[in-house]
Amino acid sequence: MARTHFQMGRLYVTGKKIPTWYGRFREYILENGGTRAIYRNVKLGALAEFTKAQAKRLLAEKLESVNSWDCRPRRLITFREFADQWLKLAERDYRASNWGTIKGHVETHLKPFFREIQVGRIDALQLRQLLANLKRKDGQAAAATTRNHVYSTFRVMWRAAIEWEIADSEKPIRVRTGRPNWEPRRILSRDEAQLILAGARAPYRYAYRLMAERGALSISEVCGLNVGDVERDKPVLHVRRAFTHGRLGPPKARARERSVMLSRDLHERLLIIAGDRSADSPLFVNLAGGRWDQLNVLKRELYPLCDTLKIPRTGFHAFRHFAITTMGELGVPLRTAAAWVGHSDPALTARVYMHARPDDDGGYTEKLAGLLKNSAPSIEPKTVSARAVMVGSA
């Protein structure tokens with residue numbers, strides 16, 4: 001396809017109250033298998049601030065991408081139409097655990113803001129306005145972390161728009177979203193974990209134990225377990241799949257496909273739950289015979305239990321943090337703990353999942369004090385003569 005013709009554009013002034021310089025130029029778009037020229041108008045600045053020569057230079061800067069040797073006609077499409085097409089094609093490229101968040105960013109924030117704006121005319125100023133006005137469901141300003149995630153989703157979509165020749169590759173859109181205000185993660189204490197495990201009813205109690213014990217399974221891995229994943233002759237559980245947002249697929253990472261050693265008591269309980277059902281049937285089922293939905297379990301089981309026990313509400317991932325933190329306190333080697341929980345990088349295990357619990361030190365303070373006391377050498381006080389005292393006082 002031949003490139004578009006070189007053009008210098010046309011300057012004109014409009015506006016009664018505030019006369020303003022505008023530039024007008026042609027832009028070629030793809031339509032019905034061919035190309036068509038449309039005219040675009042861009043605002044350059046107030047007549048009182050810029051001379052005609054300065055306005056010409058501003059228009060020339062706007063036309064650099066249009067007159068570039070690699071400029072090609074692109075399709076004219078609104079952001080809403082582009083987002084609908086992108087959502088259909090991009091879903092297969094993401095895991096279910098990530099796709100729900102990405103789709104939420106597009107449907108909740110990006111589509112309502114840009115709507116009928118043409119993709120090629122989106123600029124950094126509009127994106128800054130979106131990120132600055134992000135709101136939570138309760139009407140309060142969104143956290144910096146949310147702004148970062150929405151911005152990351154937009155950048156992924158923008159790269160797709162460039163590949164589809166909808167957006168201009170010479171028009172990068174980058175903004176600063178601010179540093180996230182990371183809030184310290186709340187860690188379950190031993191007493192809270194014991195209260196939850198003791199107060200939960202079966203079979204939820206044993207699902208919580210799978211999250212809080214050696215394997216530190218995630219809720220999606222628990223919901224994805226089949227009867228055949230529990231070994232009959234030895235206390236071993238195989239993690240092969242995850243169930244998230246109604247989709248059954250592989251775990252989040254290759255290292256998460258692992259075999260987990262179980263305690264004898266937990267293994268016996270899981271065998272009772274499995275019964276004589278077929279190996280490919282779900283291990284944990286709801287009343288309709290389907291797999292658990294993690295949001296339903298959270299709202300109908302875990303949250304009410306926390307309210308009954310009068311402890312702050314916590315999510316399922318808190319069990320995983322609790323399990324890995326406890327492994328570190330028990331002296332489990334870092335590489336071993338990372339392999340147990342399905343981390344390919346032990347640094348991630350130490351940096352993200354192992355926490356200090358200053359309010360629940362497990363008696364380490366007294367142990368350290370006793371160790372220092374027992375190892376301290378005995379020192380007999382020296383006898384000081386009366387003459388030395390008199391000389392020192394003098």
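Our subject is the structure that appears above.
Computed from a predicted model, the values in this text were never measured in an experiment.

Tracing the backbone shows phenylalanine 243 in strand β6 (residues 242-244). The class for phenylalanine 243 is buried, based on a relative accessible area of 15%. Residues phenylalanine 243 and cysteine 223 lie 20 residues apart in sequence; the distance between their C-alpha atoms is 5.6 Å.

In this section: the packing of helix α6 (residues 190-199) against helix α10 (residues 294-309). Between α6 and α10, the least distance of the axes is 10 Å, while the angle of their chain directions is 115°. The handedness of the crossing between α6 and α10 is right-handed. Side by side, α6 and α10 meet where Leu195, Ile196 and Gly199 of the first sit next to Leu302, Leu305, Cys306 and Leu309 of the second. When its residues are assigned to classes, the contact of α6 with α10 shows six nonpolar, one polar and no charged.

The next point concerns the nonpolar core. Of all hydrophobic cores here, the largest spans 40 residues; its most connected members are Ile196, Tyr208, Leu210, Leu270 and Phe284. Residue assignment for this core shows that the elements contributing at least two residues are α6, α7 (204-212), α8 (219-223), β5 (236-239), α9 (264-274), α10 and α11 (317-329). Residue contributions to this core peak at seven residues, all from α7. Contacts of leucine 210, omitting those with residues within four sequence positions, involve Gly215, Ala216, Leu217, Val222, Leu225, Leu237, Leu262, Leu266, Leu270 and Phe284. Listed in part, the 31 residues of the second largest apolar core include Phe82, Leu131, Ala161 and Ile173.

This part takes up unusual backbone geometry. Residue alanine 202 is joined to proline 203 through a cis peptide bond whose omega torsion reads 0°. For proline 203, the location among the structural elements is in the loop between α6 and α7. One non-glycine residue, arginine 115, lies in positive phi territory at about 40°. Among the secondary structure elements, arginine 115 is positioned in the loop between α3 (96-114) and α4 (124-132). Owing to a relative accessible area of 52%, arginine 115 belongs among the exposed residues under this scheme. For lysine 310, which is not a glycine, the phi torsion comes out positive at approximately 60°. Mapped onto the fold, lysine 310 is located in the loop between α10 and α11.

Let us look at the pattern of salt bridges. The final tally for this structure, using the stated rule, is 14 salt bridges. Two residues, arginine 209 and glutamate 213, come together in a salt bridge whose shortest N-O distance is 2.8 Å. The exposure class assigned to arginine 209 is buried, which follows from its relative accessible area of 14%. One salt bridge connects glutamate 221 with arginine 256, and the closest N-O pair in it is separated by 2.8 Å. In this pair, glutamate 221 is assigned in helix α8 and arginine 256 in the loop between β7 (247-249) and β8 (258-261), connecting sequence segments 35 residues apart. Arginine 256 sits in the buried class, given a relative accessible area of 10%.

What counts as what
Residues numbered from 1 in each chain as written. Predicted model: local features only at pLDDT ≥ 70, side-chain atom pairs only at ≥ 80, totals over all residues. Heavy atoms only, no water. Helix = DSSP H or I, 4+ residues; strand = E, 2+ residues; numbered from the N terminus. Buried < 20%, exposed > 50% of the residue type's maximum accessible area, 1.4 Å probe, protein only. Axes fitted to C-alpha atoms, helices over the stretch in contact; angles between N-to-C directions. Left-handed = near helix turned anticlockwise from the far one by under 90°. Contact = heavy atoms within 4.5 Å. Nonpolar A, V, L, I, M, F, W, Y, C, P; charged D, E, K, R; others polar. Core = buried A, V, L, I, M, F, W, Y, C linked by side-chain atoms within 4.5 Å. Salt bridge = Lys/Arg side-chain N within 4 Å of Asp/Glu carboxyl O.

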